[in-house]
Amino acid sequence: QVQLVESGGGLVQPGGSLRLSCAASGSISSINAMAWYRQAPGKQRELVAAITSGSSINYADSVKGRFTISRDNAKNAVYLQMNSLKVEDTAVYYCRVITLKDYWGKGTLVTVSS
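Let us look at the structure shown here. (Residues numbered from 1 in each chain as written. Predicted model: local features only at pLDDT ≥ 70, side-chain atom pairs only at ≥ 80, totals over all residues. Heavy atoms only, no water.)

Moving on: the packing of aromatic side chains. Evaluated as defined, the whole model comprises one aromatic pair. For R45, the ring lying beneath its charged end belongs to Y94, and the centroid distance is 4.4 Å. Over the face of the ring belonging to W104 we find R45, whose NZ or CZ atom lies 4.5 Å from the ring centre. (Phe/Tyr/Trp six-rings, centres within 6.5 Å; stacked < 30°, edge-to-face > 60°. Lys NZ or Arg CZ within 6 Å of the ring centre and 35° of its normal.)

The next subject is the pattern of salt bridges. The final tally for this structure, using the stated rule, is five salt bridges. Residue D89 is joined to R38 by a salt bridge in which the shortest nitrogen-to-oxygen separation is 2.9 Å. Here the residue D89 occupies a position in the loop between β8 (77-82) and β9 (91-98), and R38 occupies one in strand β4 (residues 33-39), the gap between them amounting to 51 residues. Taking the relative accessible area as the measure of exposure, R38 reaches 6% and is therefore buried. Put simply, D61 and K64 hold a salt bridge, and the shortest N to O gap is 3.1 Å. For D61, a relative accessible area of 64% corresponds to the exposed category. One salt-bridge network, held together by shared partners, links R38, E46, R66 and D89. (Salt bridge = Lys/Arg side-chain N within 4 Å of Asp/Glu carboxyl O. Helix = DSSP H or I, 4+ residues; strand = E, 2+ residues; numbered from the N terminus. Buried < 20%, exposed > 50% of the residue type's maximum accessible area, 1.4 Å probe, protein only.)

Here we come to the sheet that holds strand β7 (residues 67-72). Judged by pairing direction, the sheet is antiparallel, and its four strands sit side by side in the order β1-β3-β8-β7 without closing on themselves. In the strand order of this sheet, the two ends are held by β1 (3-7) and β7, each with one partner. Strand-to-strand twist in this sheet, taken as the mean axis angle between neighbours without regard to direction, amounts to 15 degrees. As paired strands, strand β3 (residues 18-25) and β8 are joined by six bridges and run antiparallel to one another. Across the sheet, residue S21 finds its bridge partner in β8, namely Y79. (Pairing = 2+ DSSP bridges. Axes fitted to C-alpha atoms, helices over the stretch in contact; angles between N-to-C directions.)

Here the focus is the nonpolar core. Residues W36, L80, M82 and Y93 are the most contacted members of the largest nonpolar core, which totals 30 residues. Mapped by element, the contributors of at least two residues to this core are β3, β4, β5 (46-52), β7, β8, β9 and β11 (108-112). Dropping the residues within four chain positions of it, L80 is found in contact with L18, R19, L20, W36, V48, A49, F67, T68, I69 and Y93. (Core = buried A, V, L, I, M, F, W, Y, C linked by side-chain atoms within 4.5 Å. Contact = heavy atoms within 4.5 Å.)

Let us now look at the pairing of β3. Residues L18, L20, C22 and A24 of β3 are buried on one face, while the alternating residues R19, S21, A23 and S25, pointing to the opposite face, are not. Bridging between β1 and β3 involves five bridges; their strand directions are antiparallel. Directly across from Q3, in β3, lies its bridge partner S25.

Laid out in structure tokens, this is it:
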């Protein structure tokens, strides 16, 4: 069974930083893309950032210039460096791995508050 485990969430003040990690384990096919999504209470899940095996990257407009996604292909891991965090970044962040199948992690909570 493929497992995706997110880590690195927590409570930070506005303007602070966090680094999220997602590690994929188990019998997994070649990964075509990895991505981070988030969902705030009462809102729909949205794409935050994505990176392909060819290292093409896409960011949501709301996080451009503040967040950086990176990938370690050998470790089947993806990371999200989040800087200059805002209150509106508060959400559960989910890791997604796209192969021949589509896998999701259980999420890690990021709370930005004074």
